[in-house]
Amino acid sequence: MTTMVGEVANHIRQSAAMSSALPLPEDNIAAGLRIGVFGTSADPPHLGHMAIIEALSDSGNFDEIWVFPVYVHMMSGKNDHLSSFEHRFKMCEAAFNDSIIKSNSGCKIKVLPLERCASKAMDAIIANHAEQKRPRIGTKFIIDLIRTLYPSLTSLGLILGSDTFVDLTSGKWKDASTLLKNTALHVVSRPGKYLIHS
């Protein structure tokens, strides 16, 4: 999988259409920047999501929070009912912007299409390597991809709602033990009370 992460990162760097949508390492990603990552199906983004982002943007733990609407939901049964990625992405841009969520700590909120870029890159790579099985793009893959795309980042935290944290710690997630061991977690209860910073 690590090889696939590297191939996807290289494909994203080389693809002008994908890279123009993402801040690449050359685009002022400073070594000391503290990034929080929040993935959501966002169908639609709701007040609970907004409370999570607002609580963490005010926590002083992040310089930026990157919101990633999922491109393909890991629970395949949910994909049949999801609105289009483009619609969910636009809803996230409307919900998570600086005029709606005002950070008292100067934290910036960015909605980024990383999962879509990774999926399209992976499709192109697999098309050229028919013998390769296409891995699913889950949270660990995205965290590894961020670390590969932005090697100067020293502080990367995964933002979770308390319900998702329970799923993670109960073993419902693939690679849960690796995520728990190698990733700082920031867990927020509903509605927006900051609980855990590991």
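Before reading on, note that the structure itself is shown above.
First things first, this report covers the structure right here in the doc. As the structure is a prediction and not an experimental result, all values here were calculated from the model. (Residues numbered from 1 in each chain as written. Predicted model: local features only at pLDDT ≥ 70, side-chain atom pairs only at ≥ 80, totals over all residues. Heavy atoms only, no water.)

**Quick notes on the nonpolar core**
Proteins that are soluble and globular tend to have nonpolar side chains buried together. Counting 35 residues, the largest nonpolar core has Val8, Phe141, Leu145 and Ile146 as the members making the most contacts within it. Looking at this core, the elements that each hand over two or more residues are helix H1 (2–14), strand E1 (34–40), strand E2 (64–69), helix H6 (114–128), helix H7 (139–149), strand E4 (155–161), helix H9 (176–182) and strand E5 (184–189). Broken down by element, this core gets its largest block of residues, seven residues, from H6. If we ignore the near neighbours within four places in the chain, the residues touching Val8 are Ala118, Ala121, Met122, Ile125, Phe141 and Leu145. Core analysis: the next-biggest nonpolar cluster, separate from the first, contains 20 residues, Ile53, Leu56, Ala95 and Val188 among them. (Core = buried A, V, L, I, M, F, W, Y, C linked by side-chain atoms within 4.5 Å. Buried < 20%, exposed > 50% of the residue type's maximum accessible area, 1.4 Å probe, protein only. Helix = DSSP H or I, 4+ residues; strand = E, 2+ residues; numbered from the N terminus. Contact = heavy atoms within 4.5 Å.)

**Let's talk about the packing of aromatic side chains**
The tally for this structure, following the rule as stated, stands at four aromatic pairs. On the numbers, 5.2 Å between centres and 70 degrees between planes, the contact of Trp66 with Tyr150 is edge-to-face. One end of the pair, Trp66, is in strand E2; the other, Tyr150, is in the loop between H7 and E4, with 84 residues separating them in the sequence. Here Trp66 matches Tyr150 in class, with each residue buried. Relative to Phe89, the ring of Phe85 lies with its centre 5.7 Å away and its plane at 35 degrees, an arrangement referred to as tilted. With Phe85 and Phe89 both in helix H5 (residues 85–95) and four residues apart, this pair spans about one turn of that helix. Accessibility classification places Phe85 together with Phe89 in one group, the buried group. Each member of the aromatic cluster is reached from another via a ring pair, and the members are Trp66, Phe68 and Tyr150. (Phe/Tyr/Trp six-rings, centres within 6.5 Å; stacked < 30°, edge-to-face > 60°.)

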